[in-house]
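A closer look at the structure
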Amino acid sequence: GSIPFLLGKQNLLHIQVPFSTEKNTLSKIITKSKLLFFSKIICNSQFTAKFYQDNSPSKITILYPPVDVDKFTVSDDKENIILSVGRFDNILNAKKQDVLINAFKTLIEKEKIKNWKLILAGGSLSDPNKNSYLKYLQEKAEDLPVEFIINPNFTDLKNIYSKSKIYWHAAGFDVDEKKNPENTEHFGMTVVEAMASGLVPVVISKGGIPEIIADGVDGYLWTTIDELVFKTKSLIESPKELKEMSQKATIKCQKFSKENFENGFLSLIKK
């Protein structure tokens, strides 16, 4: 989380990961002095930016990451699939797939939702057969309609997105945002990819994710497992609402396109 010391004529600082600002006085003074040499501080979300407001608020600008939304398609033949995409590891902002498996189990066993499945797709840095967290998830999902897709290529991933209906995301669950903001999702690019593919996001209200969707309009936000289950069930039982939200999500995702990013970045360096 340290800031580099630069002496260029014009310096831009791009911050992607928020770190807690609870530092000692000397560290704060050093950080402030370094920031004097930057003309702009670019943050990938309002959430990330708020951890640097005390230093140089006038220099901070928000530039959301570019998502290649035009490469994703919406299938006319969608299936009853809840999808979540994320790494199968616990590095930094763990994706909390275990929480999603618990929620899905409640949907199936307690709420009696039938003919739906949960797909967990993502990468494994280590050999999948030696990935202890992945093995734990697979054991936890045993006897449930849960499918694991490990290390999919981009074509396969687009296909999975295209045929799914609902998108789940839980990174940041049970995390204190003020003490450990780095353990939340600082933006949420997979949420935008899902929206571009016509999925309705039902995603945790933590980190930068609430900046992507409007709760109850083009997706749902949740803070508890019960809320996740309730809002997902309401979508499943209301095909009309699911379709309307899907259409709105597909439109909303354009806000985070590569074109908008390029225009935003060019406007910054021209000033």
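Coordinates for the structure precede this section.
Computed from a predicted model, the values in this text were never measured in an experiment. Here the residue numbering is sequential within each chain, running from 1 through the sequence in written order. Since the coordinates come from a predicted model, pLDDT governs what is reported: local features require at least 70, and pairs of side-chain atoms require 80 or more to be given and counted, while whole-chain, interface and lining totals use all residues. Side-chain metrics in this entry use all non-hydrogen atoms of the structure; hydrogen atoms and water are not considered.

1. Concerning the nonpolar core
By convention a nonpolar core is built from buried Ala, Val, Leu, Ile, Met, Phe, Trp, Tyr and Cys residues, the set being connected through side-chain atoms within 4.5 Å. For every residue, the accessible area (1.4 Å probe, protein chains only) is compared with the maximum for its type, and the residue is labelled buried under 20%, exposed over 50%, or partly exposed between those bounds. Core analysis: the largest hydrophobic core is formed by 64 residues, its most contacted members being Leu83, Phe148, Tyr161, Ile166, Tyr167 and Trp168. In terms of residues, this core owes the most to one element, helix α3 (residues 97–109), which gives seven residues. The next biggest cluster of nonpolar side chains, apart from the first, holds 12 residues, and it includes Leu35, Ala49, Tyr52 and Ile60. Labels follow the DSSP assignment, with helices taken as runs of H or I lasting at least four residues and strands as runs of E lasting at least two, numbered in each case from the N terminus.

2. What about the packing of aromatic side chains?
Planes of paired rings set the category: under 30 degrees apart is stacked, over 60 is edge-to-face and the rest tilted, where pairs are Phe, Tyr or Trp rings (Trp by its six-membered ring) whose centres lie within 6.5 Å. Applying the stated criterion across every chain yields a total of 13 aromatic pairs. Ring plane angle 65° and centroid distance 5.4 Å describe the contact between Phe187 and Phe256, whose orientation is recorded as edge-to-face. A residue pair is termed long-range when its members are at least 10 positions apart, and Phe187 in the loop between β7 (166–169) and α6 (189–196) and Phe256 in the loop between α8 (239–252) and α9 (258–270) qualify at 69 residues. Residues Phe261 and Phe265 carry aromatic rings whose centres are separated by 6.3 Å and whose planes lie at 0° to one another, so their mutual orientation is stacked. One end of the pair is Phe261 and the other is Phe265, both in helix α9 and four residues apart, which spans about a single turn. Members of the aromatic cluster, joined through ring pairs, are Phe72, Phe154, Tyr161 and Tyr167.

3. Re the pairing of strand β4 (residues 81–85)
Counting buried residues in β4 gives five out of five residues, a clear majority hidden from the surface. The two faces of β4 match: Ile81, Leu83 and Val85 on one face and Ile82 and Ser84 on the other face are all buried. A pair of strands is considered paired only if DSSP assigns at least 2 bridges between the two. Both β4 and strand β5 (residues 117–122) contribute to a ladder of five bridges, which runs parallel. Looking at the pairing, Ser84 lines up with Leu120 of β5. Relative to β7, β4 is paired through two bridges, and the arrangement is parallel. In the strand pairing of β7, Leu83 is matched with Tyr167.

4. Here we look at the sheet that holds strand β8 (residues 200–204)
Spatial ordering of the open sheet is given by β6-β5-β4-β7-β8-β9, a layout of six strands whose pairing is parallel. Looking along the sheet, the strands with just one partner apiece sit at the ends: β6 (146–150) and β9 (220–222). Averaged over neighbouring strand pairs, the angle between their axes works out to 20° when direction is ignored. Relative to β9, β8 runs parallel, the two being bridged by three bridges. Residue pairing in the sheet places Val203 in a bridge with Leu221 of β9. Contact between two residues is taken to exist if any of their heavy atoms lie within 4.5 Å; hydrogens are not considered. Only the contacting stretch of a helix is used when fitting its axis, a line to C-alpha atoms as for every element, and angles between N-to-C directions run 0 to 180 degrees. Sitting on the sheet, helix α5 (residues 154–163) is in contact with β4, β5, β6 and β7, with an inclination near 140° to β4. Running at roughly 175° to β7, α6 makes contact with β4, β7 and β8 of the sheet.

5. Observations regarding the pattern of salt bridges
By convention in these notes, a salt bridge is any Lys or Arg side-chain nitrogen within 4 Å of a carboxyl oxygen on Asp or Glu. Going through the model one piece at a time under the given rule, you end up with eight salt bridges. Arg87 is the salt-bridge partner of Asp89, the closest N and O atoms lying 3.1 Å from each other. Residue classification places Asp89 among the buried positions, given a relative accessible area of 10%. Exposure remark for Arg87: the relative accessible area of 27% places this residue in the partly exposed category. The partner of Glu185 in a salt bridge is Lys95, and the shortest N-O contact between them spans 2.9 Å.

6. Remarks on unusual backbone geometry
The phi dihedral of Asp143 is positive, around 75°, even though this residue is not glycine. Within the fold, Asp143 resides in the loop between α4 (132–140) and β6. In this model, Asp174 sits at a positive phi of 65°, which is unusual for a non-glycine residue. As for its placement among the helices and strands, Asp174 is situated in the loop between β7 and α6. Under the relative-accessibility criterion, Asp174 is labelled exposed at 69%.

7. A closer look at the sheet that holds strand β1 (residues 12–15)
Ordered in space as β1-β2-β3, the three strands form an open sheet in which the pairing is parallel. Of all strands in the sheet, those bounded by a partner on one side alone are β1 and β3 (60–62). On average, each strand axis in the sheet is tilted by 25° relative to the strand beside it, whichever way the strands run. Sheet analysis places β1 next to strand β2 (residues 40–43), joined by four bridges and oriented parallel.

8. Notes on the packing of α3 against helix α7 (residues 225–236)
Helix-helix packing is described using two parameters, namely the angle between the two axes and the distance between the axes. The interhelical angle for the contact between α3 and α7, taken along N-to-C directions, is 55°, at an axis separation of 10 Å. Between α3 and α7, the angle is such that the two are oblique. As α3 packs across α7, the resulting crossing turns out to be right-handed. Every residue of α7 that contacts α3 at Val99, Leu100, Ala103, Thr106 and Leu107 is listed here: Ile225, Leu228, Val229, Thr232 and Lys233. In this scheme, roughly parallel covers angles under 35 degrees and roughly antiparallel covers those over 145, while 65 to 115 is roughly perpendicular and the rest are oblique. In this scheme the handedness of a crossing depends on how the near helix is turned from the far one: anticlockwise by less than a right angle means left-handed, clockwise means right-handed.

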